[in-house]
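Take a look at the letters that make up each chain.
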Amino acid sequence: MMLLIAFAFMAGVVTILSPCILPILPIILSSSVDTTGKQRPLGVVTGFVLSFTFFTLFLSTLVRLIGIPADSMRLVSIVVLMVFGMTLFIPRMQVMMERLMGFFVRFAPSARTKHGFWGGFVIGLSLGLLWTPCVGPILASVITLAISGTVTGQAIIITLAYSLGTAIPMFLIITSGSTALQKIPWLVSRASAIQKAFGVVMVITAIGILFNVDRQFQTYILQTFPQYGVGLTQFENSPAVKEKLTLPAQTGYPPAPEIIPGGKWFNSKPLTLAQLKGKVVLVDFWTYSCINCIRTLPYLRTWWEKYNDNGLVIIGVHSPEFEFEKDADNVEQAITDFKITYPVVQDNDFATWRAYQNNYWPAKYLIDTEGKIRYTHFGEGEYDETERVIQELLKETGSQKLETTVDNNTYEIQSRTPELYIGYGRSEYFASPEPIAPDTAFNYSSPSDVPYNHFSFEGTWTITKEYAQASKDARLFLHFEAQKVFLVMRSKGEPTQVEVYVDDKKQDSIIVSTDKLYQLISLPTPGTHILRLEFNNANAQLFAFTFG
């Protein structure tokens, strides 16, 4: 755990160099105009650390319990930043804020103390909710726990370490600016004008965040300087960190957690690992619309056919990424479509997922005859190595006539475009100039040049947390680099038809009738192209793009 805490702290420190810090940098710099000491900077970083830690871990739970959309809390934070910015150039508002802060801290304000610690603290609280960092594997694992509803003491400490790491350079920037305003004669003589200028910058920045200009600016920076920020989180990919993120350190092989009962079973009666002692068990976490999971299924089917008679049991634990994947009929149809004959159990509440402390789709855990986890693999690939471990574990059982040939097909993913989520809950690459109007039908436009690895809407769309629903004659544009493009879609009501174009040339017409992953195109060679989708009615709901 100490290793993860140290790496999380380091990741927080280097975040100040990443493009993700740029949208809030003006607000950080504006906090340096208080030249009365270190009280205000301390307030900013204290508020930021507490707010970022809290909202990273508990925002999903808070939204679910009180029913207030996350965007409403975001709006409150933007208003707070605007008000504090206005106090820097509107004297009357400054006096009112001093009185307000004085009331709360039971301390009489004065012109010298300005907003002090508590004023900075409120700004820091707002920053913690607004800021979205460039996360590496460590914080990504913590966020996954928060989404699935599990927040452990270790997760709290790791997130706190990350935010503390970020707070240190933030504190240094603020105090350095404050020192410069006190020591450099030219700045000292113009302190009042600088204060007002920073106030205006702070208000403009808050307005920009309100209208998602921060996202567009960050996109522009990444397009103009594509290598900016690359590699900042690579040190988190060290083998030691990966090991700590998977299973807790133990002596010997860790015991496999039990399959948590309660989910519906397919292709089998309910099974437990206790019942299966003496057999080799492969537990595979998957979800049926995940392209990475789908690409592993042929290997799982082959291993089931080759080694089932020798004592191998495969259990597919279906942990849904999207709400419609919780539907048992949809899962059963997917099992049929993918020709899966081994046992599958639904894990809609992520109970087994949490028991294994899992963070990935897909994820494979190989369990020996004594119920110990002997091998894990996350994501795609390493099929030959996985099969050799299966063979070794089966040999330990004394299995006879074991087929020893290992010759799995290999393939190369021809994509440079990452997975793109459409709903506002996880959307990062939306390029329409209009701000997202959550859960409301809104008319969007597409820029003439869609940025690389981004998508945009044209026409009327309703964007929800998980998906976006197209209205009749709406269009979607995507600038991608890949050979194959897939899209998770469903139809609300009757089947809907989607027209597919690449570089203005029609490729196909897709009929969307069930909730699943659809292959839109498969090009002869990988390349950079513009995909255009056209919708003939208002039934199509789009969840996520994946690529191959």
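Please read all numbers here as calculations on a predicted model, not as lab measurements. (Residues numbered from 1 in each chain as written. Predicted model: local features only at pLDDT ≥ 70, side-chain atom pairs only at ≥ 80, totals over all residues. Heavy atoms only, no water.)

Caption draft 1: Representation of the pairing of strand 14 (residues 516-535) within the structure. Looking at chain direction, strand 11 (residues 475-491) and strand 14 are connected through 14 bridges and run antiparallel. By the bridge assignment for strand 14, Leu-478 is matched with Leu-531. As judged from the five bridges shared by strand 12 (residues 496-502) and strand 14, these two strands associate in the antiparallel manner. Within strand 14, the position partnered with Val-500 by the bridge is Leu-533. (Pairing = 2+ DSSP bridges. Helix = DSSP H or I, 4+ residues; strand = E, 2+ residues; numbered from the N terminus.)

Caption draft 2: Region of interest: the packing of aromatic side chains. Summed over all chains, the structure comprises 27 aromatic pairs. Relative to Phe-324, the ring of Tyr-288 has its centre 6.2 Å away and its plane inclined at 65°; by these criteria the two rings are edge-to-face. Residue Tyr-288 is located in the loop between strand 2 (280-286) and helix 13 (291-307), and its partner Phe-324 is located in the loop between strand 3 (312-318) and helix 14 (328-337); the two are separated by 36 residues in the primary sequence. A relative accessible area of 4% places Phe-324 in the buried class. A centroid spacing of 5.2 Å and a plane angle of 75° characterise the contact between Phe-350 and Trp-353, whose relative ring orientation is edge-to-face. For the pair shown, Phe-350 and Trp-353 are each scored as buried. An aromatic cluster is present here, built from Phe-285, Phe-350, Trp-353, Tyr-356, Tyr-360, Trp-361, Tyr-365 and Phe-378 joined pairwise through their rings. Its end group placed over the ring of Tyr-421, Arg-426 keeps NZ or CZ at 3.9 Å from the ring centre. Here the basic side chain of Arg-532 rests over the ring of Tyr-501, its NZ or CZ set 4.1 Å away from the ring centre. (Phe/Tyr/Trp six-rings, centres within 6.5 Å; stacked < 30°, edge-to-face > 60°. Buried < 20%, exposed > 50% of the residue type's maximum accessible area, 1.4 Å probe, protein only. Lys NZ or Arg CZ within 6 Å of the ring centre and 35° of its normal.)

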